[in-house]
Every structure is written in C-alpha cells, then in structure tokens.
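Commentary on secondary and tertiary structure
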Amino acid sequence: MAKKKSSILVNTLVLVIVTVVAVFLLAVVNQVTRGPIEEAEINARAEVYKVVYPNSEFFAEVEDSENIISGSEEALSTAGYEGCYINDVLAVTDESKQNIKGYVISATSPSGYGGDLEVAVGITTEGEITGMNVVSNSETAGIGSKCTEPDFTSQFAGKKAAILEYTSSGATADNEIDAVSGATITTNAVTEAVNAAIVFYQTNFGGGLEAEEAEDPMQKAFPDADMSTLTPYEFTPVSTDEYTVDDVQTVGEDGYIITVTAHNAYAGDLKIALGVGNDSMIKGFSVLESNETKPLGGQCTSDEFAQQFVGMKAEEVKYVPSAATVENNEIDLIAGATITTNAVVTAVNGAVDFYNSNLKGE
C-alpha cells in the first residue's frame, strides 16, 4: 500500500514538473513570437492605409489606442459628429519606430446614401492632410461611388487638418472641396467622416481644434451692411399657422433684416433671417435656429444653400428639383429633405410678404 502511494506521489510530481516546464516553454515561445506577430498585424492594417500617407514604410501602434478610440465619442459628439466613430489609428514613424511623423486614422460616418461609409485619412504631426481614401461604402454605382475616384479623393491632400466643407459651385476657400456631382449626400458623408478623423487627431495629437471666430448670423443676412447701424423697427406682430414674423431691424438706409420662424419644418420650428434692400432685392439669408436632421435637412444651414437667395427679387420664392435659377426666384430642393426645403421657403416668403406689405417704398 505504501509503495502504491509512493508511486502516485512520484507520478504527480512528474506531472507537475512537466506542466511547469511546458508553461515556461510556452511563455518563452510567446515572448519570442509576440513581436513578429504584432508587427505582422500592424503591417496588414497599414497596407490599407499606405495610400493616404505616401512614402510611408514604418508604422507603429499608438500607445493606449483602444482607450483613446473608445473615449473619442464625447469629443466627436461635442464637435457635431454624433453617430460617427473612429475605427482605427496607427502612427507613421521613421525606421527606428521611435520618432512619429504622423498618423493614419480610419473613421466612419453613418450618413451615406447607402449606409455606413468608412474613410482613411493621413495627417502629419504638423497638421497637414497627406491623403484621403474611401475604405468601404455602399453608395450608388456610377453616382455616389465616384467618391472613390482620384478626381475626388485627391482634393484632400495638402489641406490643413481643420474642419472641411464641401461646395457644388467650385471650391474657392482653403477648407473647401468640390462635391461629387449629383451625390450631395455621399459627399456630406465623406466630409463628415474626414472631419471626425480630424477632430480625433486634434483632440489627441494636435492640441485641439483652433477656435474660429463665428460669423454673425445677422451679417450673413445682409453681408455688405454695417451691423452697428441696426435699429429695431416697430411693427404689428404677424403670425399664421405656418409662420411668425419675429423681428425686424432696419439696416441704416440700406434696407431691413426680417426674422421669421416657420412652424412646418421636419423637426420643429425653424428660424431664418432674410436681408432685403431698399432696392427690393434679397441681400442674404441665414438660418438662426434649426433642429433638422444633419445629413439631410441640416444642409439648410450651409453657406452653399444660403448663397442661392442672394440676388433674388423680393417676390415669391419657389423650389425646384434641380437647375434652379436666380432670375426665376428659384432654389434647388435639398435632396431627401422636401419638408425642410418647404419650411425654409415658407419662412422666406413670409419675410418677403411682410416687406412688400409694410416696408417697400419707405
């Protein structure tokens, strides 16, 4: 019996020793192979991103990247990109892997015409965009899918890593890119995803987005006016089921800024300011308050949309599906946002009616 117990103890001891040795050897193997495996994983991810950071050969993990990415939701939301998210980030380094030259950031916008749209953006440590590429999309073939073509993507290289805008009338400012023809929603999604990547970069690596002086919304309604000459105009309140004339300001001897709230917008009241000169011409337009859906109706707040009103006669304004002309007092319908477009036109025509009934000829 004693001999049997001794045998069991010996076998148990042998098993323990074998297990310890095996664990030790596995640890050694893991330590030896972990570096090459991680390197291979980084290189596999980098292959997707190299196109946005030309001449890049060496990439490295960003320290604590998982927590940085998971913690970026608040920064994106605060900047106005709620719903967008960061997929990945890698550092671009020199051969030593110690000196960081820039970053490649992958970000997704949920606002594409066909759903989620993912981009990759390269940004140097000096804050310059080295390139942009659409990694994945479900946009319409031959229309929105053109967002993947070099004619569109090449516009981003060389831009400053600050919030970008798009235009359909020809980019003139440093922060503008030309929209994909006939694909405003797709262009908006790409720009949104790129801006999300920029916000992520600036928040974590670039010292934060530069504060830009906000343009006075009343100035947008009457761009050439001296705002110091604004004085309240006394009037009898006007209100209908569809709109309310909230305020009227005289602009020196140049004209008036009329503030109107439309009650028939998609997401509640929508307030605008319309500048009308004493020559009965519309000088400018500005949205003061809006809760419309950002990728669709929210486009009513863009400078491109506002510019359509400039130079119109202070007469009834209409919207058409496309190819609007100032001469016919027409604006283009916001694609996918008929209700918002109609609300804007309701407010504008309310202002025009008030001008013609109360101010014209004074």
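A closer look at a negative patch on the surface
Together, D224, D226, E253 and D254 line one region of the surface with negative charge. Take E253: it is sitting in the loop between β10 (243-251) and β11 (255-262).

Quick word on the nonpolar core
One recurring pattern in soluble globular proteins is that nonpolar side chains are buried together. I105, V119, M132, F156, V190 and V194 are the most contacted members of the largest nonpolar core, which totals 39 residues. For this core, the elements supplying multiple residues, two or more each, are α2 (65-70), β2 (85-93), β3 (100-112), β4 (115-124), β5 (129-136) and α5 (184-204). Here this core takes 10 residues from α5, the largest share from any one element. Excluding residues that lie within four positions of it along the chain, V119 makes contacts with I105, S106, A107, M132, N133, V134, V135, V190, A193 and V194. V245, I258, A351 and Y355 belong to the second largest nonpolar core, which has 35 residues in total.

Brief notes about the pairing of strand β12 (residues 270-277)
Taking burial as the measure, the eight residues of β12 include seven buried ones, the bulk of the element. Relative to β12, β11 runs antiparallel, the two sharing eight bridges. The partner of A262 across the bridge, within β12, is L270. Where β12 meets strand β13 (residues 282-289), six bridges bridge the pair, whose relative direction is antiparallel. Residue pairing for β13: G275 is matched across the bridge by G284. The turn linking β12 back onto β13 is made up of four residues, and S280 within it adopts a positive phi angle of 65°.

Things to note about the side chain of T93
Tracing the backbone shows T93 in strand β2. What T93 contacts, discounting residues up to four positions off in sequence, is F58, F59, A60, N99, I100 and K101.

So, α5
Between its terminal C-alpha atoms α5 stretches 30 Å, which fits the 30 Å expected from 21 residues at 1.5 Å a residue. In terms of burial, α5 is a largely internal element, 18 of the 21 residues being buried.

So, the pattern of salt bridges
For the structure on display, the rule yields three salt bridges. A salt bridge links E289 to K271; its shortest N-O distance comes to 3.8 Å. Within this pair, whereas E289 is found in strand β13, its partner K271 is found in strand β12, the two being separated by 18 residues in sequence. The class of E289 is partly exposed, set by a relative accessible area of 48%. Measuring nitrogen to oxygen at the nearest pair gives 2.9 Å for the salt bridge that ties K283 to D279. By relative accessible area, D279 is classed as partly exposed at 44%.

Examining the pairing of β4
Of all 10 residues making up β4, eight are buried, and the element is well covered by its neighbours. Pairing of β3 with β4 involves nine bridges; the strand directions are antiparallel. Looking across to β4, one finds that G102 is bridged to T124. Pairing of β4 with β5 involves six bridges; the strand directions are antiparallel. Bridged to I123 within β5 is I129. Two successive antiparallel strands, β4 and β5, enclose a turn made up of four residues, where G127 displays a positive phi of approximately 85°.

Here we look at unusual backbone geometry
Even without being a glycine, S280 presents a positive backbone phi close to 65°. Following the sequence through the fold, S280 ends up in the loop between β12 and β13. Judged by relative accessible area, which is 18%, S280 ranks as buried. A positive phi is found at A323, a non-glycine position, where the angle reads about 60°. In this structure, A323 sits in the loop between β14 (318-320) and β15 (330-332).

Thresholds applied
- Residues numbered from 1 in each chain as written.
- Predicted model: local features only at pLDDT ≥ 70, side-chain atom pairs only at ≥ 80, totals over all residues.
- Heavy atoms only, no water.
- Patch = residues over 30% accessible without salt bridge, like charges linked within 9 Å, V, L, I, M, F, W, Y side chains within 5 Å.
- Areas by Shrake-Rupley, 256 points an atom, 1.4 Å probe, with all protein chains shown as cover.
- Salt bridge = Lys/Arg side-chain N within 4 Å of Asp/Glu carboxyl O.
- Lys, Arg positive; Asp, Glu negative; His and termini not counted.
- Charge placed at Lys NZ, Arg CZ, Asp CG, Glu CD.
- Helix = DSSP H or I, 4+ residues; strand = E, 2+ residues; numbered from the N terminus.
- Core = buried A, V, L, I, M, F, W, Y, C linked by side-chain atoms within 4.5 Å.
- Buried < 20%, exposed > 50% of the residue type's maximum accessible area, 1.4 Å probe, protein only.
- Contact = heavy atoms within 4.5 Å.
- Pairing = 2+ DSSP bridges.
- Expected span 1.5 Å × (residues − 1).

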